[in-house]
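Here's the letter readout for the chains.
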Amino acid sequence: MTNDAATTATTRTAHPFPGPEEPLHGLGASLPPADARAKTEGTFPYASDLWAEGLLWAAILRSPHPHARITSVDTSGALEMPGVHAVITHADIPGDTSYGRRIADRPVFASDLVRHHGEAVAAVAADHPDTARLAAAAIVVEYEVLVPVTDPEQSFAAEPLHPDGNLIRHIPLRYGDPEAAGDIVVEGLYRIGRQDPAPIGAEAGLAVPRPDGGVDLYVASTDPHTDRDLAAACFGLEPERVKIVVTGVPGATGDREEPGFQLPLGLLALRTGCPVKLTATREESFLGHAHRHPALLRYRHHADGDGRLVKVEAQLLLDGGAYADSSSESLAAAVAFACGPYVVPHAFIEGWAVRTNNPPSGHMRGEGAMQVCAAYEAQMDKIAAKLGLDPAELRLRNVLATGDILPTGQTVTCPAPVAELLEAVRDHPLPALPKDSPEDDWLLPGGPEGAGEPGAVRRGVGYALGMVHMLGAEGADEVSTATVKVHDGMATVICAAVETGQGFATLARQVVQETLGIEEVHVAAVDTDQPPAGPAAHGRHTWVSAGAVERAAKMVRTQLLQPLAHKFGMSTELLQITDGKITSYDGVLSTTVMEAMDGKELWATAQCRPHPTEPLDENGQGDAFVGMAFCAVRAVVDVDIELGAIRVVEMAVAQDVGRILNPAQLAARIEAGVTLGVGTALTENLRTARGIVRHPDLTGYALPTALDTPDIRIVKLVEERDVVAPFGAKAASAVPVVTSPAAVAAAVRAATGRPVNRLPIRPQAAVSPPMV
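Residues numbered from 1 in each chain as written. Predicted model: local features only at pLDDT ≥ 70, side-chain atom pairs only at ≥ 80, totals over all residues. Heavy atoms only, no water.

K.L.:
I tried to follow the sheet that holds strand E8 (residues 120–126) on my own but got confused; where do I start?
P.N.:
Within a sheet, neighbouring strands are paired by backbone hydrogen bonds and run either parallel or antiparallel to one another. The strand order across the open sheet built from 7 strands is E4-E8-E2-E15-E12-E13-E14, with neighbouring strands paired in mixed fashion. Each edge of the sheet is formed by a strand with only one pairing partner; in this case those strands are strand E4 (84–88) and strand E14 (242–246). Each strand axis lies, on average, 20° off the axis of its neighbour in the sheet, ignoring direction. Both strand E13 (residues 215–219) and E14 contribute to a ladder of 5 bridges, which runs parallel. Bridge pairing in E14 places Leu217 opposite Ile244. (Pairing = 2+ DSSP bridges. Helix = DSSP H or I, 4+ residues; strand = E, 2+ residues; numbered from the N terminus. Axes fitted to C-alpha atoms, helices over the stretch in contact; angles between N-to-C directions.)

Next up, the structure:
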């Protein structure tokens, strides 16, 4: 790598953030993550590192077929092996035999049918991990192999794959006049691949039986109370006899710690009376957890001669895989945002989510919204090309703003500075063109020592606008509870909001510092003995859980200030806390927080619950979302039109964030979202052949690395506070995930002149002229 390359690699991101005037504590400070040191030193408490006296090891037997009837299961060979303590199947489950965070349609162990490759059939506990794996392999299962349904379009006419049928949900959206038509019409068919969360730390857990006949589960859950309730129902126990203790979560881009890994653990611990540990292999991780929904999207856009949208018609088909999981919620987001952040007078959308014998799909960051963004932005590029308009100009003529109405009939009441975001990325200077010289060959799409020729490289610039909803939707009760305690100059926050890398633990510290002026703040470990805080998704912990922390901290603040206010004959509103000091408006009172505490312990518990939403009705209408966030991305790519190699040179990002609570943390979240989006656009695709997952490992599944990460330029962050949100902040990480793949695809179209209608983009789609 040249010196210039090294410099570029170390200055990848431009941050339009405050400089030296940035506060050291409280909101607006770049407070480092509390777990940063533990992670860098290798002392972070991951579940795979846990140990207990008398530990047994678990292994799960999984189906090699995507669709088959189980005719017999013989566990005798496994039970006879030395060191094996237990073998369990569906017949050994004392409670509910099926589970699901949204719809309980997924069996803990397959009983009569297996519906996807890798479905759990049995589990083993042994005194050594190798023994457990060998014992699982010794279980003899006789299968009658059935023809799998792997094409979601065929699912409608296929025999039912599940007692609930093949259709998970159908949402028709009707908005405006079905007879409306535009001067020009563009159509497109788009396919989105199956993206895997690909956690670097594979699933792991430890189950420890309790003297009262219950069990404690030490797992990296992101929704511990829901997982506890599912486990208790499966184990045939009361919820209070099952405890989830959340271990360190090694990052989460979706629902972390699939219950299908937790439930066999608890069952084996209860069966043996011993602690049982499971550390999934990489292959088990790929086969066992849910993935992003693959999608087939048909679009027809109508526009007038000036490029203003008249009508959008679309058919959206999401492949839910074998079980429902979050398909209903993903479909609602896809249908509601099928037209994007644009004003559309007339919209007619049909959305379906169906079951197949493909791997199960579930929650991943920006679910539903990401798939449709790639399609509607491709349609906008087609309209611009047909009218001879600049793609950015066409978008500016149609952008959504506060007060406009979505096709669901919901008025956009939150800040929606979409035009400002697009103008920011459009006006940002373009990166320099690569030089046609040997010393800069690292700039070629093929990378250092690449086989490409500089003369075959074409540069393209593409734009995309995206939107996501925040918090749960369609009537979800988004409530969170938090407790703040103060004693001996230190504050403790107790809240069951799991730190998944989104920064809640850091934000909670900042909130207490801001409210109480106490620098030392400890966030307690999470378990289900605490009141519930809900799942870590859609920015809900920034909004709901941090909101609960703020309310509790303000209650403690009132307890702290009331005696002083009473003593000096003034209201608490006339007192302020700054840098650990309490002062009055007139300067008469000046003391420290420690002096005011006088050895007392103060505490308060509070809840935060946003305003309610409602389900979409039979016409896809309703106020289904609490709030929305928007993003604009301009992608610059270099494409070798002979080899089809693509290099993303730069991603310019502008985003409405409501309020910057932690500048460094916000930048990291946006950068991570963009990088995830680049992987979606170019490399990430969990391939299947007739339902069989091919190459379920990190060699066959191509994750983007640091060398694949482009220059990420955060060119503008719009701080227009959402008045209904605590602190006015918006979710930060999902919307760049949604928008970035569409921008990369648009840039490749601009570079090659080829239609790009599939993600990830295959090399042959970037070759010009077309390959024969």
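K.L.:
In this structure, what is going on with the sheet that holds strand E23 (residues 575–578)? I would like to understand it.
P.N.:
With antiparallel pairing, 3 strands are arranged side by side in an open sheet as E23-E24-E25. Two strands lie at the open edges of the sheet, namely E23 and strand E25 (590–592), each paired on one side alone. Averaged over neighbouring strand pairs, the angle between their axes works out to 25° when direction is ignored. Judged from the 4 bridges that link them, E23 and strand E24 (residues 581–584) form a sheet pairing that is antiparallel. Bridge pairing in E24 links Leu575 to Ser584.

K.L.:
Got a minute to help me understand the state of the cysteines in this structure?
P.N.:
Linking two cysteines covalently via their sulfur atoms produces the bond known as a disulfide. With the rule as written, the count across this model stands at 0 disulfides. Free cysteine: Cys373, not disulfide-bonded; nearest cysteine sulfur from Cys631 at 9.0 Å. Here Cys608 is not disulfide-linked; the sulfur of Cys495 is the nearest cysteine sulfur, at 10 Å. Judged by its relative accessible area of 2%, Cys608 falls in the buried class. (Disulfide = S-S within 2.5 Å. Buried < 20%, exposed > 50% of the residue type's maximum accessible area, 1.4 Å probe, protein only.)

K.L.:
When you look at the pairing of E4 in this model, what are you seeing that I'm missing?
P.N.:
When you tally the buried positions in E4, you get 4 out of 5 residues, the bulk of the element. Where E4 meets E8, 4 bridges bridge the pair, whose relative direction is antiparallel. Bridging from a neighbouring strand, Val87 pairs with Val124 of E8.

K.L.:
Teacher, can you tell me more about the nonpolar core here?
P.N.:
For soluble globular proteins, nonpolar side chains are generally found buried alongside one another. Counting residues in hydrophobic clusters, the biggest one holds 108 residues, and the most contacted among them are Tyr299 and Leu316. Sequence-distant contacts of Leu316, defined by excluding residues within four places in its chain, comprise Leu296, Leu297, Tyr299, Ala334, Val335, Ala338, Ile349, Glu350, Gly351, Trp352 and Val372. The next biggest cluster of nonpolar side chains, apart from the first, holds 90 residues, and it includes Leu267, Val276, Ile518 and Ala552. (Core = buried A, V, L, I, M, F, W, Y, C linked by side-chain atoms within 4.5 Å. Contact = heavy atoms within 4.5 Å.)

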